Amino acid sequence: MTEQIPSKSAAAIDRAKAEGRAALIGYLPAGYPDVQATIDAGIAMARNGADLIEIGIPYSDPVMDGPVIQAATTEAIAKGFHVASVFDVVAGITAATDAAVLVMTYWNPVMRMGVDEFSRRLAEAGGAGLITPDLIPDEASEWFEASDKYGLDRVFLVAPSSSPERLAMTVAASRGFVYAVSIMGVTGARQAVSSSAEKLVADAHAAGAERVCVGLGVSNASHVREIAAYADGVIVGTALVAAIRDGGVEAVGQLTRDLSSGLSRAELSGSGVAASTVPAEKEEF
Amino acid sequence: MVDAPTAGSNENAADAFLQGGTTLRHAPGPYFGSYGGRWMPESLIAALDELEDTFDKAKADPEFLAQLSELNKNYSGRPSLLTEAKRFSAYAGGARIFLKREDLNHTGSHKINNVLGQALLAKRMGKTRVIAETGAGQHGVASATAAALLGLECVVYMGAEDCRRQALNVARMQLLGATVVPVTNGSQTLKDAINDALRDWVANVENTHYLLGTAAGAHPFPAMVRFFHEVIGEEARAQILEQTGRLPDAVCACIGGGSNAIGIFHGFLDDPSVKIYGFEAGGDGVETGRHAATITLGRPGVLHGARSYLMQDEDGQTIESHSISAGLDYPGVGPEHSYLADIGRVTYEPITDAEAMDAFRLLCRTEGIIPAIESSHALAGALKVGQRLVEGKENPAHTIVIVNLSGRGDKDVQTAAEWFDMLDEDGNVKGTTLSTRKPKGAGTFADVNADPNADVKAQTSEDQN
């Protein structure tokens, strides 16, 4: 990994590691149900145990997303969401918390604004970097340049189908952490965590990745606990989107607290106990 | 970044390109100038690599080429005819119009060329299932056909709006054993069908080949789909030489994603004397915003795996396209077309719904051929091109224009009947008791798979009325 440039995501993951646990990364799409709610929910996630916040840019053609996130982002666009509002969301959350805030975006909106301009504005808003589900390092020369220029993290994805060569190449191209896709599929809650995730994390570590976080299909504290045993971070999306849809900001806070109970690597950490201690710890940062 | 050229401004550049001895044919990808590439999730890269490798080996394998050629000849009915449209030509200023008859292929369009090739590749890769997107239904029908022929499971994603416009093709796919999934996301048309097909592919890539129907998408699709359609241009070039003793002055095709067009263009790209025209769907008129004229009014972006011209708003969100023709109703275009537009080798122009439907009716009445509405855009364009090219010429009949008649219009009879006001309030053809429409409440497309036989019976009884 490129480590010469300081990484906000790496720092957040390392703080969790210093506490003897994996990091929790929570996803919500910007502008759902509105921009202020996204800011409030992001702050609620950070105060209830999320170490990193991932804010998605609603996009017209989200091919890596399942029905729940599709419905949310479609609604956000229908209500008039504009891409530039994502910088307000990032600034709003970073102003109130110490969580690292990343933006998850399909590539065309970035390309349309201009990779350099988008990167500059993200950095100015206090953002940590980008997670890019449909941008592979092979096509990312403009993004390499801009992310170095503005000190942003480049989070590329690796999948169970990635060849050893591509895994090594993608790990080398990433900064902050590597996003390991737990299963072959799109976002959405699933009954069980795929067994392929653990092998993928091990392979990415072996290929030189210092931090590997697992996402896709992670929806409850039990999943979190299982993944926290071998990964540096756990990414939850769809379950949080369903929470804000059904119960608003408060439900997002509650679910985050519950999810974070699964983070400790200590075998005996009862979920209730861990949950109650996390918010206090976070507020000290 | 390359800006769109003004019409015709780069013809000198294209001439220089050709005089430099460089060929425009057989561009291998992944890039066509600054277009193309692989803007795709990592999860699918291994499958694209496997496909590229299989395709590269197959196209150099005499056994594969012989197998494909045998199917083209004895299954699809190739070579397709080149028919001179003598009465239609009178409306093109007297220029001689020749029709490349892809409408006569098995399944009724050029789509069969590509699906046979890709289905053979799917078998070579050991895949047991193919998925496809479809707009007008022609590619879905062709995919279902190839899957039946080669014993593959087939699932077709089709926008719910397109299911309505092309109900007959839904029934055809079901008759052929395919499962049709109506897509209710977004604009419920071709782009959303591609999104859902990609989601399926990510989840099932181990046993599934995505049989993409147009010369777009991530590498190797644009170059591969073109390869399977190159036969159109190669045949047309040999046929026009045989029938007239010389090359045409112009070649015309319609452009949605651009597969029929790139197939016929390929035969003439390296012939500097041949002007090449692609006709996009102008919908209600490009000034109305309701159109699918991607190259004319779009700007470069990434969609469905390739960098190409794209209809997008200032936020980079894809704009919904509009066209009377389901097969052209797509806000993107194949990357090779974007490149050919930028270097000025091909001229791209919009044709409105009204112009296309006028040409549709004209071909019906002057030649006894009912064209697909997609192909009618090329016909309307050819009328304009013919009139332009004969201007100032002593003998207009010395001007020769080839039109790729990419499909037949049987599927479009309902749309045409509505357009030409042939129906009464109940959907019956005026002056008859013949209904072109299902009775109200006869079922929704949400349950198209529920009982295929029910649809089949309804259709058959209508046909017999």
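Quick caveat, the model's predicted, so the values are computed rather than measured.

Draft legend 1. Examining the sheet that holds strand S7 (residues 178-181) of chain A more closely. Residue and element names in this part refer to chain A. Judged by pairing direction, the sheet is parallel, and its nine strands sit side by side in the order S5-S4-S3-S2-S1-S9-S8-S7-S6 without closing on themselves. Edge positions in the open sheet fall to strand S5 (153-155) and strand S6 (157-158), since each of these has one partner strand only. Alignment of strand S1 (residues 23-29) against strand S9 (residues 233-236), held across four bridges, turns out to be parallel. Residue pairing in the sheet places Leu24 in a bridge with Val234 of S9. Against the sheet, helix H11 (residues 238-260) makes contact with S1 and S9, and its axis sits at roughly 170° relative to S1, the strand it touches most.

Draft legend 2. Main features of helix H10 (residues 221-244) of chain B. Given a rise of 1.5 Å per residue, 24 residues ought to cover 34 Å, and the 35 Å separating the end C-alpha atoms of H10 of chain B matches this to within 8%. Immediately beyond the C-terminal end of H10 of chain B, within one or two residues, lies Gly245 of chain B, with a positive phi of roughly 80°.

Draft legend 3. Highlighting empty space enclosed by the protein. Taken as a whole, this structure holds 11 cavities of 30 Å³ or more when the rule is applied. Size it by volume and the largest cavity reaches roughly 330 Å³. Residue lining of the largest cavity: 29 residues in total, with His110, Lys111, Gly327, Leu328 and Glu374 of chain B positioned closest to the centre. Taken together, the residues of the lining of the largest cavity sort by class into seven nonpolar, 18 polar and four charged. In this structure, the second largest cavity encloses a volume near 240 Å³. Along the walls of the second largest cavity sit 23 residues, with Glu54, Asp65, Tyr179, Thr187 and Leu216 of chain A positioned nearest its centre. At the level of secondary structure, the elements contributing two or more residues to the lining of the second largest cavity comprise S9 and H11 of chain A. Partitioned by chemical class, the residues of the lining of the second largest cavity number 15 nonpolar, six polar and two charged.

Draft legend 4. Looking closely at the packing of helix H6 (residues 138-150) of chain B against helix H8 (residues 167-175) of chain B. All names here are of chain B. It is at 9 Å that the axes of H6 and H8 come closest, and there the two elements cross at 10°. As judged from the angle between their axes, H6 and H8 are roughly parallel. Where H6 abuts H8, its residues Gln138, Gly140, Val141 and Ala144 lie against Asn169, Arg172 and Met173. When its residues are assigned to classes, the contact of H6 with H8 shows three nonpolar, three polar and one charged.

Draft legend 5. The arrangement of the sheet that holds strand S6 (residues 153-159) of chain B in detail. Residue and element names in this part refer to chain B. Reading across the sheet, the four strands line up as S7-S6-S5-S8 and stay open at both edges, with parallel pairing between neighbours. The open sheet is flanked by strand S7 (179-183) and strand S8 (208-210), the only strands paired with a single partner. Neighbour to neighbour, the strand axes of the sheet diverge by 20° on average, direction disregarded. In this structure, strand S5 (residues 129-134) lies alongside S6, joined through six bridges in parallel fashion. Across the sheet, the residue bridging to Glu133 is Tyr157, located in S6. Along the sheet, H6 makes contact with S5 and S6, crossing S5 at roughly 165°.

Draft legend 6. Inspection of the environment of Pro58 of chain A at higher detail. You can see Pro58 of chain A is positioned in the loop between strand S2 (52-56) and helix H3 (67-78). Relative accessible area serves as the criterion here: at 0%, Pro58 of chain A is assigned to the buried category. In sequence terms Pro58 of chain A and Lys149 of chain A are 91 residues apart; their C-alpha atoms lie 26 Å from each other. Aside from chain neighbours lying at most four places away, what touches Pro58 of chain A is Ala30, Thr73, Ala76, Ile77 and Phe81 of chain A together with Gln317 of chain B.

Draft legend 7. Structural detail: H11 of chain A. A rise of 1.5 Å per residue sets the reference length of H11 of chain A, with its 23 residues, at 33 Å; its end C-alpha atoms lie only 16 Å apart and thus fall more than 12% short of the reference. The sharpest bend along H11 of chain A measures roughly 140° and falls at Gly247 of chain A.

Draft legend 8. Focus on the layout of surface pockets. Computed from the structure, the second largest pocket encloses a volume of approximately 310 Å³. The wall of the second largest pocket is formed by 17 residues, among which Ser60 and Thr74 of chain A together with Gly186, Lys191 and Asp192 of chain B lie closest to the centre. For the lining of the second largest pocket, the elements supplying multiple residues, two or more each, are H3 of chain A together with helix H9 (190-204) of chain B. Here the residues of the lining of the second largest pocket sort into four nonpolar, nine polar and four charged.

Draft legend 9. Structural context of the confidence of the model for chain B. All names here are of chain B. This prediction gives chain B a mean pLDDT of 90; 88% of its residues lie at or above 70. Contacts for the low-pLDDT stretch residues 439-465, under 50 throughout, to residues beyond four places or in other chains number 25 contacts. Prediction confidence for the complex, expressed as pTM and ipTM, is 0.90 and 0.91 respectively.

Draft legend 10. Highlighting the nonpolar core. Within the largest apolar cluster, 160 residues are counted, with the highest numbers of intra-cluster contacts made by Trp107, Phe118, Trp143 and Phe177 of chain A together with Trp201 of chain B. Beyond its immediate chain neighbours, meaning those up to four positions away, Phe118 of chain A contacts Ile57, Val83, Phe87, Val103, Val110, Met113 and Leu130 of chain A. Counting residues in each nonpolar core, the second largest holds 35 residues, with Ile232, Phe268, Val333 and Tyr348 of chain B among its members.

Draft legend 11. Quick peek at the pairing of strand S4 (residues 96-101) of chain B. Residue and element names in this part refer to chain B. Of all six residues in S4, five are buried, a share of seventy percent or more. Sheet topology note: the strand S3 (residues 82-84)/S4 ladder contains three bridges and is antiparallel. Across the sheet, the residue bridging to Leu82 is Lys100, located in S4. As paired strands, S4 and strand S15 (residues 400-405) are joined by six bridges and run parallel to one another. Bridging across to S15, Ile97 finds its partner in Val401.

Calculation criteria
Along each chain, residue indices are assigned from 1 in the same order as the chain's sequence is written. As a convention, the first chain written is A and the first ligand written is 1, with the rest following in written order. Totals for whole chains, interfaces and linings use every residue, but because this is a predicted model, local features are given only for residues with pLDDT of at least 70 and side-chain atom pairs only at 80 or more, for both listing and counting. Side-chain descriptors were evaluated using all non-hydrogen atoms of the structure, hydrogens and water having been removed beforehand. Paired strands, as defined in this entry, are two strands with at least two bridges between them according to DSSP. Strands here mean DSSP runs of E at least two residues long; helices mean DSSP runs of H or I at least four residues long; both are numbered from the N terminus. By the convention used here, residues are in contact when the closest approach between their heavy atoms is within 4.5 Å. All axes are obtained by fitting lines to C-alpha atoms, using only the stretch in contact for helices, and the reported angles, taken between N-to-C directions, cover 0 to 180 degrees. One less than the residue count of a helix, multiplied by 1.5 Å, gives the span that helix is expected to have. Put simply, the grid is 1 Å and covers the protein atoms alone, a cavity is a trapped set of points that fit a 1.4 Å probe, a pocket is an open set with protein on both sides within 12 Å along at least five of seven lines, and lining residues have an atom within 4 Å of a point. Grid points are joined across faces, edges and corners, and a volume is the space filled by probe spheres set on the points. As a working rule, the residues Ala, Val, Leu, Ile, Met, Phe, Trp, Tyr, Cys and Pro are called nonpolar, Asp, Glu, Lys and Arg charged, and the rest polar, with Gly in that last group. Oblique is the label for every angle not falling under 35 degrees (roughly parallel), over 145 degrees (roughly antiparallel), or within 65 to 115 degrees (roughly perpendicular). Think of it in three bands: with a 1.4 Å probe and only protein chains considered, a residue is buried below 20% of the maximum accessible area for its type, exposed above 50%, and partly exposed in between. One axis is fitted to the seven residues ending at the residue and one to the seven starting there. The bend at that residue is the angle between these axes. Confidence scores labelled pLDDT are given residue by residue by the predictor and lie between 0 and 100. Working definition of a nonpolar core: buried Ala, Val, Leu, Ile, Met, Phe, Trp, Tyr and Cys residues. They are joined through side-chain atoms within 4.5 Å.

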